[in-house]
Amino acid sequence: MKEIELKMQGKIKRLTNKTFKFDERIKDGWFSAVYFLKTREIVKKYCPDNIVTMQFFQKKHAVLCGTDEVIALVKTFADNPDDLEIYSLKDGDKISPFETVLTITGRYQDFGYLEGIIDGILARRTSVATNVYNVVKAAGISGKQKPVIFMGDRDDHYTQQAGDGYAAYIGGSTAQATHAMNEWWGKQGMGTMPHALIQLFNGDIVAATKAYHETFPDDDLIALVDYNNDVITDALKVARVFGDKLKGVRVDTSRTMIDKYFLRNQHLLGTFDPRGVNAELIFALRKALDDEGYHHVKIVVSGGFNEERILEFEKRGVPVDMYGVGSSLLKINIGFTGDNVMLNGKHQAKAGRRYRPNPRLEKVD
């Protein structure tokens, strides 16, 4: 199996010189629904000169993403691509339910078999971009925009990372967990230490942090402090050793665990869910750091965060400085539909569908 690379440039593109990699079997119809392939053969035989307009839309308020990729797909795999007339919105545009985001006009047999692939690209990229947008919006309701780290590397197949990372960027996340996630927008992945690093130092958070800092002295030093399920104790340990060098601590307590802070202060229990990364734990962590003068140490939280949890934290004023979010951002909850709505310049569509012209569409050269 080979890959095909195509660099896209032009005024309609939000980012230029993105390189897309496509499986060459697309041309053979390997990824197209079989009824599209059969239709192509029938059309070639019985009505080869018909010109259709295919129109794409979805049914929610969303942040559009995937148009660049779709245009690259069509330009690469359609027969006679220069004969096609394409109008499109841009990646990053806010879209409304049933708003037309893309139209392709030409002979059906030249591009019709790509319909399902186009729907799939737009669905995945727009879903991720919209999910991230909603999370980033939630993380800024206090008036101060807090960064969101896109940590979706372990929640889906690795081949999706470049496209998902780009969609996350379009949605507003400017920090990604892997280099691949940054491939289309020209940065590198970011991250500090996993639990595995602390385990290799026999659970010694200070030793692990020291090794990290000596190996990567130019990185912002952020220590992971939940390994021993004693967040406040371990955060203070590293703060006392590293002082101003320590830029932040990350809390990633499992939703099945209750931090030892609450076991030592059981009088606090009974009015809230003490499991995982909860608001009361973060309030207590901030106070403990501040009481010893470590006001500069930022708090990063991760582990099961989504739009709802972030909204809850922000409304309560929980002192979080950065959110790490993963699986919730990859849920595919926006589906696109492609319909033939014009035939030889006249309205022709199935019942319930009609041509919906959109003045926001721009012609793709």
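Residues numbered from 1 in each chain as written. Predicted model: local features only at pLDDT ≥ 70, side-chain atom pairs only at ≥ 80, totals over all residues. Heavy atoms only, no water.

## Topic: unusual backbone geometry
- In this model, F98 sits at a positive phi of 70°, which is unusual for a non-glycine residue.
- Structurally, the position occupied by F98 is in the loop between β6 (94-95) and β7 (102-107).
- For F98, a relative accessible area of 36% translates into the label partly exposed.
- Residue N229 is not a glycine yet carries a positive backbone phi of 55°.
- Tracing the sequence through the fold places N229 in the loop between β10 (221-224) and α8 (231-242). (Helix = DSSP H or I, 4+ residues; strand = E, 2+ residues; numbered from the N terminus. Buried < 20%, exposed > 50% of the residue type's maximum accessible area, 1.4 Å probe, protein only.)

## Quick notes on the pattern of salt bridges
- Tallied over the full model, the rule gives 21 salt bridges.
- Here R316 ties to E280 by a salt bridge, and the two come within 3.1 Å at their closest N and O atoms. Remark: E280 occurs in helix α10 (residues 279-291) and R316 occurs in helix α11 (residues 307-316); sequence separation between them is 36 residues.
- Accessibility expressed as a relative area gives 43% for R316, which makes it partly exposed.
- Taken together, the shared-partner salt bridges in this structure form one network comprising E69, R124, R125, D156 and D164. (Salt bridge = Lys/Arg side-chain N within 4 Å of Asp/Glu carboxyl O.)

## Some words on the sheet that holds strand β15 (residues 346-347)
- The 6 strands are arranged β15-β14-β3-β7-β5-β16 in an open sheet whose pairing can be described as antiparallel. One side of each edge strand has no neighbouring strand; the edge strands of this open sheet are β15 and β16 (362-363).
- In terms of strand pairing, strand β14 (residues 337-343) meets β15 through 2 bridges, oriented antiparallel. When the bridges of β15 are listed, M342 appears paired with H347.
- Packing of helix α2 (residues 67-77) onto the sheet brings it into contact with β5 (85-88) and β7, and relative to β5 it is tilted by some 175°.
- With respect to the sheet, helix α4 (residues 115-138) is in contact with β3 (51-57), β7 and β14, its orientation differing from that of β3 by roughly 25°. (Pairing = 2+ DSSP bridges. Contact = heavy atoms within 4.5 Å. Axes fitted to C-alpha atoms, helices over the stretch in contact; angles between N-to-C directions.)

## Brief notes about empty space enclosed by the protein
- Scanning the entire structure with this criterion turns up 1 cavity of 30 Å³ or more.
- Considered as a void within the structure, the largest cavity measures approximately 40 Å³ in volume.
- Tallied by class, residues from the lining of the largest cavity come to 3 nonpolar, 4 polar and 2 charged. (1 Å grid on protein atoms, 1.4 Å probe; cavity = no way out; pocket = protein on both sides within 12 Å on 5 of 7 lines; lining within 4 Å. Points joined across faces, edges and corners; volume = space filled by probe spheres on them. Nonpolar A, V, L, I, M, F, W, Y, C, P; charged D, E, K, R; others polar.)

## Here we look at the pairing of strand β12 (residues 298-302)
- Most of β12 sits inside the fold, with 4 of its 5 residues counted as buried.
- Sheet topology places strand β11 (residues 246-251) next to β12; 4 bridges connect them, and they run parallel. Residue pairing in the sheet places V249 in a bridge with I299 of β12.
- Sheet topology places β12 next to strand β13 (residues 322-325); 3 bridges connect them, and they run parallel. Bridge pairing in β13 places V301 opposite Y323.
- A crossover connection joins β12 to the parallel β13 through α11; in handedness this β-α-β unit is right-handed. (Right-handed = clockwise from strand over helix to strand, strands pointing away.)

## Regarding the layout of surface pockets
- The computed volume of the largest pocket comes to approximately 810 Å³.
- Contributing elements (two or more residues each) for the lining of the largest pocket: β2 (18-23), α2, α4 and α5 (161-171).
- Taken together, the residues of the lining of the largest pocket sort by class into 12 nonpolar, 6 polar and 8 charged.
- Roughly 680 Å³ of volume is contained in the second largest pocket.
- For the lining of the second largest pocket, the secondary-structure elements that each account for two or more residues are β12 and β13.
- Per-element tally for the lining of the second largest pocket: the top contributor is β13, with 3 residues.

## What about the pairing of β13?
- The two faces of β13 match: M322 and G324 on one face and Y323 and V325 on the other face are all buried.
- Pairing of strand β8 (residues 148-150) with β13, which is carried by 3 bridges, proceeds in the parallel orientation. By the bridge assignment, F150 is partnered in β13 with V325.

## Things to note about the packing of aromatic side chains
- Following the criterion strictly, the structure yields 11 aromatic pairs and no others.
- Ring centres of F20 and F22 lie 6.3 Å apart, and the angle between their planes is 20°; this geometry places the pair in the stacked category.
- Judged by centre distance (5.6 Å) and plane angle (20°), the ring pair of F57 and F98 falls under stacked. A residue pair is termed long-range when its members are at least 10 positions apart, and F57 in strand β3 and F98 in the loop between β6 and β7 qualify at 41 residues.
- In this structure F57 comes out as buried when scored by relative accessible area, which is 4%.
- The structure contains a cluster of three or more aromatic residues connected by ring pairs, namely F20, F22, F77, Y166 and W184.
- Taking NZ or CZ as reference, R40 lies 4.4 Å from the ring centre of Y113, over its face. (Phe/Tyr/Trp six-rings, centres within 6.5 Å; stacked < 30°, edge-to-face > 60°. Lys NZ or Arg CZ within 6 Å of the ring centre and 35° of its normal.)

## What to know about the side chain of D119
- Position of D119 among the secondary structure elements: in helix α4.
- Notably, D119 is buried but unbridged: the nearest opposite-charge side chain belongs to R353, and the N-O separation is 9.5 Å.
- Here the side chain of D119 touches G338 through a polar contact of 3.3 Å, landing on its backbone nitrogen.
- Those residues in contact with D119, other than ones at most four positions away along the chain, are F56, F336, T337 and G338. (Lys, Arg positive; Asp, Glu negative; His and termini not counted. Polar contact = N/O pair within 3.5 Å; in protein donor to acceptor, adjacent residues only side chain to side chain.)

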